[in-house]
Amino acid sequence: MVDPSFRSGTVAVVGRPNVGKSTLVNALVGARVSIVSPKAQTTRHRLLGIASFSSGQLLLVDTPGIHRAEKRALNRYMNRTARGALAGVDAALLVVEAGRWMDEDGLALAALAEAKVPVVLVINKIDRLKDKSALLPFIAEHAQSAVFHAVHPLSALKRKGLDALVTDVLALLPEAPPAYAEDEITDRSQRFLAAELLREQLLLRLGEEVPYSAAVAIDRFEEEGALFRIAATIWVEREGQKAIVIGKGGEAIREIGRAARENMERLFDRKVFLETWCRVREGWADDIAALRQFGYE
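Quick caveat: nothing in here was measured; it's all calculated off a predicted structure. (Residues numbered from 1 in each chain as written. Predicted model: local features only at pLDDT ≥ 70, side-chain atom pairs only at ≥ 80, totals over all residues. Heavy atoms only, no water.)

Enquirer: What is the right way to look at the overall build of the protein chain in this model?
Expert: Per the secondary structure count, the protein chain includes 10 helices and nine strands. Here the C-alpha radius of gyration of the protein chain, 20 Å, is about what a compact globule of 297 residues would show, namely 19 Å. Reported as C-alpha extents along the three principal axes, the dimensions of the protein chain are approximately 55 × 45 × 35 Å. Within the protein chain, buried positions represent 52% of all 297 residues. Put simply, of all contacts in the protein chain between residues at least 6 apart along the chain, 72% involve residues at least 24 apart. About 13,800 Å² of surface is accessible on the protein chain, with carbon and sulfur atoms providing 51% of the total. (Helix = DSSP H or I, 4+ residues; strand = E, 2+ residues; numbered from the N terminus. Rg over C-alpha atoms; globule rule 2.2 N^0.38 Å. Buried < 20%, exposed > 50% of the residue type's maximum accessible area, 1.4 Å probe, protein only. Contact = heavy atoms within 4.5 Å. Areas by Shrake-Rupley, 256 points an atom, 1.4 Å probe, with all protein chains shown as cover.)

The following block contains the structure:
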């Protein structure tokens, strides 16, 4: 029987690119449902992470980073996705980097003001702040703002400060039974997660340009007993990018596939056979039909 004081609701996780939104969602969920890399704009899709606790359930909506540059259709899609995720939520977390408040943080805050939901400010990456004395005035400056229900300095990567955050956020949610079973961690399919884990390796292993010009499509996802058999295509925009993804003698794409497969096996808890190809579709990031084909709806 569910405790009548149990609280459950939807919480948008918002902020500029590369402040650690996905790392925070993964830390609260207790599993890697969102991919993570040091590169900005790693998250392209809306993703629900389900964090279950004895006193409540947080339905965490991980969003792309809100950013000013909208030069391409893909960038416009990501900004629409981030802003659209605010509709109908019960609360929001504005994630910023400790000691750094930038113009795009203000852009994210403005989007939250329009949504008119209670906002908790999460000051992330406190473990990376070299001058710890700068943290207190940074916290004090924002704690005085009537905009924020609460301010929480923490390190999502080190999992420090999460308990107090969960307590404050649950208090903002309505009394309601859990929306998902305790062992569910996301609303996304294994097919989607497989594509994201492969794209994560492109972000981690290749240079600045190529990952932003790459998309991953799952061509086949079949279950054979205790094995997942997956075929995937990495789409890029130019032949030169394809050469980089494949690497000399196919070495780069083999290593990308190997690392992605190992992460899939850990997440899915079963053996995975992964086949990976790389193909060119010029200008796909500005092609609405291509965006839809690759899952950017």
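Enquirer: I would appreciate a short explanation of the layout of surface pockets in the present structure.
Expert: Left-over empty space is what a probe sized like a water molecule reveals as it rolls over the atoms. Counted as a void, the largest pocket has a volume near 370 Å³. N18, G20, T23, V36 and S37 are, among the 26 residues lining the largest pocket, the residues nearest its centre. With three residues, the single largest contributor to the lining of the largest pocket is helix α1 (residues 21-29). In terms of residue class, the lining of the largest pocket is made up of nine nonpolar, 12 polar and five charged. Taken together, 17 residues line the second largest pocket, and the ones lying closest to its centre are A195, V216, A217, I218 and F294. At the level of elements, α6 (190-205) and β7 (215-224) are the ones that each hand at least two residues to the lining of the second largest pocket. With five residues, α6 is the single largest residue contributor to the lining of the second largest pocket. Split by residue class, the lining of the second largest pocket holds eight nonpolar, four polar and five charged. (1 Å grid on protein atoms, 1.4 Å probe; cavity = no way out; pocket = protein on both sides within 12 Å on 5 of 7 lines; lining within 4 Å. Points joined across faces, edges and corners; volume = space filled by probe spheres on them. Nonpolar A, V, L, I, M, F, W, Y, C, P; charged D, E, K, R; others polar.)

Enquirer: How should I be thinking about the packing of aromatic side chains in this particular structure?
Expert: Ring pairs (aromatic) are described by centroid distance and by the angle formed between their planes. Per the stated rule, a full pass over the model turns up five aromatic pairs. Aromatic side chains F221 and F228 sit 4.9 Å apart centroid to centroid with 55 degrees between the ring planes, which places their arrangement in the tilted category. Across this residue pair, the class does not change: F221 and F228 are buried. Through successive ring pairs, a cluster of aromatic residues spans F221, F228 and F268. Across the ring face of F192, the terminal group of R188 is positioned such that the distance to the ring centre comes to 4.0 Å. Taking NZ or CZ as reference, R270 lies 4.2 Å from the ring centre of F228, over its face. (Phe/Tyr/Trp six-rings, centres within 6.5 Å; stacked < 30°, edge-to-face > 60°. Lys NZ or Arg CZ within 6 Å of the ring centre and 35° of its normal.)

Enquirer: I tried to follow empty space enclosed by the protein on my own but got confused; where do I start?
Expert: Enumeration over the complete set of coordinates arrives at two cavities of 30 Å³ or more. By volume, the largest cavity is sized at about 50 Å³. Lining the largest cavity, in full, are S34, I35, T43, R44, H45, L47, D62, F192 and E196. R32, V33, S34, I35, L193, E196, L197 and L267 are the residues that line the second largest cavity. Ranked by the residues each element gives to the lining of the second largest cavity, the list is headed by α6, at three residues. Along the lines of polarity and charge, the residues of the lining of the second largest cavity split into five nonpolar, one polar and two charged.

Enquirer: Where do I start with the pattern of salt bridges in this structure?
Expert: Side chains bearing opposite charge may pair, as long as their charged atoms lie close to each other. Considering all chains together, one arrives at 15 salt bridges under this definition. Ionic pairing is found between E97 and R16, a salt bridge with its closest N-O pair at 3.5 Å. Placement of E97 in strand β4 (residues 91-97) and of R16 in the loop between β1 (7-14) and α1 is noted, with a sequence separation of 81 residues between them. In terms of burial, E97 and R16 fall into one category: buried. Here E255 makes a salt bridge to R258, at a shortest N to O gap of 3.0 Å. With E255 and R258 both in helix α9 (residues 251-268) and three residues apart, the pair spans about one turn of that helix. Overall, E255 belongs to the partly exposed group, its relative accessible area being 32%. (Salt bridge = Lys/Arg side-chain N within 4 Å of Asp/Glu carboxyl O.)

So yeah, pure geometry; function would need other evidence.
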